[in-house]
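Notes for the structure review
Now for the letters of each chain:
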Amino acid sequence: MFLRLLVLGLTGGLLMAGPVVAQGAASKPVKLVVLGDSLSAGYGLPATAAFPVRLQKALKDKGIEVEMVNAGVSGDTTSGGLARLDWSVAEGTEAVILELGANDALRGIDPKVPRAALEQILTRLKARNIKVLLCGMLAPPNFGPQYAAQFNAIYPDLAKAFQVPLYPFFLEGVASDAKLNQGDGIHPTAEGVDVIVKTILPSVEAFLGTKSGQRS
């Protein structure tokens, strides 16, 4: 199974950029889109158990209000995300959590393709003055070490080039744990989603800049 084959860990940590939210400002929800595939869309789960919903609740529990949009599409590749970018990320969006690439890796797509697609997504979001938290993905080892090295390098390379924060591995704490994945060994259970949310939450807080208050 894909998750059991994933190489755990990824070199590099959270690369910090300027916060989406000005510290010390009055509270006002941030318009946040999760642009992703089935891993964030909530494949096989009730709508209330999807990653964006659970993340919104976790943020609210900390006093952080966001206007959340689940723009996850099951089966989507990075190229698919690029093709639907304009209507998935509506006008007025202030921040995007970008979670794409797992399906490219599963299909063994030439790493040059997802790299180019993600680069275009980042370029277009930057032009719209939308902040991005880039979520990394790891290639399964069945395509060989050369493929994995080329694919895995995409995310830290682009995070550095575009000066956006990087969450190194979206499935950290869940990959390869059968108890936290559905029967297909690919998609997280509701409990797995909660682990993802708990693990990524500090990075999202830092990204939004909300630890000291929200923007006016």
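The rules we used
Residues numbered from 1 in each chain as written. Predicted model: local features only at pLDDT ≥ 70, side-chain atom pairs only at ≥ 80, totals over all residues. Heavy atoms only, no water. Helix = DSSP H or I, 4+ residues; strand = E, 2+ residues; numbered from the N terminus. Buried < 20%, exposed > 50% of the residue type's maximum accessible area, 1.4 Å probe, protein only. Lys, Arg positive; Asp, Glu negative; His and termini not counted. Salt bridge = Lys/Arg side-chain N within 4 Å of Asp/Glu carboxyl O. Contact = heavy atoms within 4.5 Å. Expected span 1.5 Å × (residues − 1). Arc of directions from axis to C-beta. pLDDT = per-residue confidence, 0-100. Core = buried A, V, L, I, M, F, W, Y, C linked by side-chain atoms within 4.5 Å. Phe/Tyr/Trp six-rings, centres within 6.5 Å; stacked < 30°, edge-to-face > 60°. Axes fitted to C-alpha atoms, helices over the stretch in contact; angles between N-to-C directions. Parallel < 35°, antiparallel > 145°, perpendicular 65-115°, else oblique. Left-handed = near helix turned anticlockwise from the far one by under 90°. Nonpolar A, V, L, I, M, F, W, Y, C, P; charged D, E, K, R; others polar. Pairing = 2+ DSSP bridges.

Describing the side chain of D104
- Note that D104 resides in helix α6 (residues 102-106).
- Despite its burial, D104 remains without a salt bridge, the nearest opposite charge being carried by R107 at 7.1 Å.
- Those residues within four positions of D104 in sequence are excluded, and the remaining contacts are T77, T78, I109, P114, Y147 and F151.

Points about helix α7 (residues 112-127)
- A rise of 1.5 Å per residue sets the reference length of α7, with its 16 residues, at 22 Å; its end C-alpha atoms lie 22 Å apart and thus fit the reference within 8%.
- Along α7, the residues that are buried comprise P114, A117, L118, I121, L122 and L125. Projected onto a plane normal to the axis of α7, the buried residues spread over an arc of 135° and lie on a single side. Those residues of α7 that are exposed and aimed more than 90 degrees away from the buried face are K112, K126 and A127.

Looking at the confidence of the model for the protein
- Scored by pLDDT, the protein has a mean of 88; 85% of the residues are at 70 or more.
- Of the regions scoring below 50 in pLDDT, residues 1-16 engages in 57 contacts with residues more than four places distant in sequence or in other chains.
- Of the regions scoring below 50 in pLDDT, residues 210-216 engages in 33 contacts with residues more than four places distant in sequence or in other chains.

Comments concerning the nonpolar core
- Judged by nonpolar contacts, the single largest core of 65 residues is most densely connected at L98 and L208.
- When sequence neighbours within four positions are dropped, the list of residues in contact with L98 reads L35, L118, I121, L122, V132, L133, L134 and C135.

A look at the packing of aromatic side chains
- Using the criterion set out here, one finds 4 aromatic pairs in the structure.
- On the numbers, 5.0 Å between centres and 80° between planes, the contact of F51 with F170 is edge-to-face. With a gap of 119 residues between them, F51 in helix α3 (residues 51-61) and F170 in the loop between β5 (166-167) and α10 (190-208) connect regions that are remote in the sequence.
- In this structure F51 comes out as buried when scored by relative accessible area, which is 1%.
- Between Y147 and F151 the ring centres are 6.2 Å apart and the planes differ by 15°, which places this aromatic pair in the stacked class. With a gap of 4 residues between them, Y147 and F151 both fall in helix α8 (residues 145-152), about one helical turn apart.
- Taking the relative accessible area as the measure of exposure, F151 reaches 0% and is therefore buried.
- Every member of this aromatic cluster is reached through a ring pair, and the members are F143, Y147, F151 and Y155.

Considerations on the packing of α3 against α10
- At a minimum axis distance of 9 Å, the contact between α3 and α10 shows a crossing angle of 60°. Relative to α10, the element α3 is oriented oblique. Remark: the crossing between α3 and α10 carries right-handed chirality. The residues of α10 that touch α3, namely those facing F51, R54, L55, A58 and L59, are V193, D194, I196, V197, I200, L201, V204, E205 and L208.
- Considered class by class, the residues forming the contact of α3 with α10 number 11 nonpolar, no polar and 3 charged.

Thoughts on the sheet that holds strand β3 (residues 95-99)
- Here we have 5 strands laid out as an open sheet, ordered β2-β1-β3-β4-β5, and parallel in their pairing. The open sheet has two edge strands, β2 (66-72) and β5, and neither has a second partner.
- Pairing analysis gives 2 bridges linking strand β4 (residues 131-135) to β5, with the strands arranged parallel. The residue of β5 that forms the bridge with C135 is Y167.
- Set on the sheet, α7 makes contact with β1 (30-36), β3 and β4; between it and β3 the angle comes to about 175°.
- Helix-sheet contacts for helix α9 (residues 154-162) involve β4 and β5, and the interaxial angle to β4 is about 160°.

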